[in-house]
Amino acid sequence: MLHVARKTNTDASRSEKSRLEEAIALTAAIGLEVAHGLIASIAKPTPATLIGTGKVQEIKALCADLEPEVVIVNAALTPVQQRNLERAWSSKVLDRTALILEIFGERAHTREGRLQVELAHLTYQRSRLVRSWTHLERQRGGFGFLGGPGETQIETDRRLIGERIAKIKGELEEVKRTRSLHRRARKRVPYPIVALVGYTNAGKSTLFNRLTSAEVLAKDMLFATLDPTMRGLKLPSGRRIILSDTVGFIADLPTQLVAAFRATLEEVLEADLILHVRDLAHEESDAQKADVVKILKELGIDEDERIIVEVLNKIDLLESDVRQSLLSRNRAKDAMQTGESVAVSALTSEGLESLLKLLDRLLGSREQTLRLSLTPDDGAGLAWAHANGRVLERRSTEKGTYLVIAADPPTIEKFTARFGRQIKIVEEDQPRRAISS
Ligand code: GDP
Ligand code: MG
């Protein structure tokens, strides 16, 4: 992993080291292990290789030693630079745009997401073809008679890519028209979905693994069919949730990838609750928060309709008195059952108990109690109710089975659709949702 830092870079606010760290986290997100990370400072880009000859040689020696599968350059490379570096290092080379595209490709779950990512991919490829074509032409001295085989091939490729792009754009229009239908159809999981959002490196995946590692729900058929970025988790009350890890926000996202990025966040739109994970120790923590809130708003995620919890992560990196005061605030909020933010360390597990309690309380506050009466012969109905709701009580007589079920709004809708008048919603006098922090 090579991060290329511009010495002339005026945006000194994000330190180059944290940019390298971000790139390493992105690489880890596609399951690659980073064997070595380094920074190259350049005053002026070298046209042929971007970085200077000395650095190219240094990395050549590293490659001979480490034999990496791929060298990732955290910068935009021209096609020529990419090819030259591949030759120099005898290794595959990816640039930043390609790396991010790779991640999006793995993470886009919806049809719209896949189409957006493919569109970005093809546009990227086409720009490569255009540039290498002019490059070839220049090499040949630009002679004019009917193009050679290379040129024809590239023109054909370009035409094919152009056709595919047009087709995808058409499909995207179609998907957008029917989007809400798809969303409703996908929402079949019987447990609330909790989505992790936040900047890359905030600690989303660490938190995801920490919270779900003790779980053995993988045997459960349901979870076996989910992708690895979704895992089941049991809260202290016994309530089950599905935790969903996301790609996260990326500093300096290449503009041609914005649409694809949004598409990978589509699953967040379906979440019942959103955990906004923040790196409290980051020098730009507040600016990052503002970015995330802005993008969520642009995605149409409304704080009034959705529960958003702020997870203030990495408190282990703070001064001990600050950390202690955050933790005692957690405890005060636990006791008073208030607040929608919680301080944690995904690394040391401090504060995680408070986080789980908070989730329990917020999700519980959306629940109502249902009573369901089933006839004695309705075994299918009974099985369905157990699979789709959290059964609190079950009583059987010769007249039938009575169930008491805790259900959140979408579950109530499903039960009503399935059982109609056999369902009774029990009014409760406890408040629906405790607010204020
Ligand atoms: P993501 O990009 O949001 O998924 O972030 P990761 O979970 O990949 O974490 C990014 C980096 O932050 C990794 O090096 C983690 O080890 C580190 N990290 C995550 N949580 C904590 C934490 O609570 N404390 C500290 N000190 N480091 C953390
Ligand atoms: Mg991650």
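Above this text sits the structure in question.
A short tour of the structure in this document, coming up. Not measured: the values here are computed from a predicted model. (Residues numbered from 1 in each chain as written. Chains lettered and ligands numbered in written order. Predicted model: local features only at pLDDT ≥ 70, side-chain atom pairs only at ≥ 80, totals over all residues. Heavy atoms only, no water.)

### Some words on the overall build of the protein chain
Moving on, step 1. Helix and strand counts for the protein chain stand at 16 helices and 14 strands.
Moving on, step 2. Out of the 437 residues in the protein chain, the part that is buried amounts to 46%.
Moving on, step 3. Contacts in the protein chain between residues at least 24 apart in sequence constitute 70% of all its contacts with a sequence separation of at least 6.
Moving on, step 4. In the structure as shown, the protein chain presents an accessible area of about 22600 Å², 52% of it carried by carbon and sulfur atoms. (Helix = DSSP H or I, 4+ residues; strand = E, 2+ residues; numbered from the N terminus. Buried < 20%, exposed > 50% of the residue type's maximum accessible area, 1.4 Å probe, protein only. Contact = heavy atoms within 4.5 Å. Areas by Shrake-Rupley, 256 points an atom, 1.4 Å probe, with all protein chains shown as cover.)

### What about helix H8 (residues 204-212)?
Moving on, step 1. Lys-204, Leu-207, Phe-208, Leu-211 and Thr-212 are the residues of H8 that are buried. The buried residues of H8 occupy an angular sector of 110 degrees when the element is viewed end-on, so they sit on one face.
Moving on, step 2. In this structure, the buried side of H8 is in contact with strand E5 (193-197), strand E6 (230-234), strand E7 (240-244), strand E8 (273-279), strand E9 (307-313) and helix H14 (352-364). (Arc of directions from axis to C-beta.)

### Here's the deal with the site of ligand 1
Moving on, step 1. In the vicinity of ligand 1 lie 15 residues, with Asn-201, Lys-204, Ser-205, Thr-206 and Asp-316 positioned nearest.
Moving on, step 2. Here an oxygen atom of ligand 1 and a backbone polar atom of Asn-201 are 2.6 Å apart.
Moving on, step 3. Lys-314 is positioned with one of its side-chain polar atoms (N or O) 3.0 Å from an oxygen atom of ligand 1.
Moving on, step 4. Relative to its unbound accessible surface of 580 Å², ligand 1 loses 77% to contact with the protein.
Moving on, step 5. The element that contributes the greatest number of residues to the shell around ligand 1 is H8, accounting for three residues.
Moving on, step 6. Counted by class, the shell around ligand 1 contains five nonpolar, seven polar and three charged residues. (Near = heavy atom within 4 Å. Polar contact = N/O pair within 3.5 Å; in protein donor to acceptor, adjacent residues only side chain to side chain. Nonpolar A, V, L, I, M, F, W, Y, C, P; charged D, E, K, R; others polar.)

### Quick word on the sheet that holds strand E2 (residues 38-42)
Moving on, step 1. What the four strands build is an open sheet, ordered E2-E1-E3-E4; its pairing is parallel. Looking along the sheet, the strands with just one partner apiece sit at the ends: E2 and strand E4 (92-95). Pairs of neighbouring strands in the sheet enclose a mean axial angle of 25 degrees, with direction left out of account.
Moving on, step 2. Looking at chain direction, strand E1 (residues 2-6) and E2 are connected through five bridges and run parallel. By the bridge assignment, Ala-5 is partnered in E2 with Ser-41.
Moving on, step 3. Helix H3 (residues 79-89) contacts E1, strand E3 (70-74) and E4 of the sheet and is inclined by roughly 145 degrees relative to E4. (Pairing = 2+ DSSP bridges. Axes fitted to C-alpha atoms, helices over the stretch in contact; angles between N-to-C directions.)

### A word on the packing of aromatic side chains
Moving on, step 1. Taken as a whole and assessed by the stated rule, the structure comprises six aromatic pairs.
Moving on, step 2. Ring plane angle 65 degrees and centroid distance 5.0 Å describe the contact between Trp-384 and Phe-415, whose orientation is recorded as edge-to-face. One end of the pair, Trp-384, is in helix H15 (residues 379-388); the other, Phe-415, is in helix H16 (residues 409-419), with 31 residues separating them in the sequence.
Moving on, step 3. Given the relative accessible area of 0%, Phe-415 is considered buried.
Moving on, step 4. Ring geometry for Phe-415 against Phe-419: centres 5.9 Å apart, planes inclined by 35 degrees, an arrangement best described as tilted. With a gap of four residues between them, Phe-415 and Phe-419 both fall in helix H16, about one helical turn apart.
Moving on, step 5. Each member of the aromatic cluster is reached from another via a ring pair, and the members are Phe-104, Tyr-199, Phe-249 and Phe-261. (Phe/Tyr/Trp six-rings, centres within 6.5 Å; stacked < 30°, edge-to-face > 60°.)

### Examining the pattern of salt bridges
Here the idea is simple: oppositely charged side chains can pair when their charged atoms come close.
Moving on, step 1. If you walk through the whole model with that rule in mind, you get 16 salt bridges.
Moving on, step 2. With a closest N to O distance of 3.0 Å, Glu-298 and Arg-262 form a salt bridge. Highlighted residues: Glu-298 in helix H12 (residues 285-298) and Arg-262 in helix H10 (residues 258-264), separated in sequence by 36 residues.
Moving on, step 3. Overall, the relative accessible area of 43% leaves Glu-298 in the partly exposed class. (Salt bridge = Lys/Arg side-chain N within 4 Å of Asp/Glu carboxyl O.)

### Quick notes on the sheet that holds E9
Moving on, step 1. With mixed pairing, six strands are arranged side by side in an open sheet as E6-E7-E5-E8-E9-E10. Of all strands in the sheet, those with a lone pairing partner are E6 and strand E10 (341-343), marking the two edges. Going from strand to strand, the sheet's axes swing by 25 degrees on average, the running direction of each strand aside.

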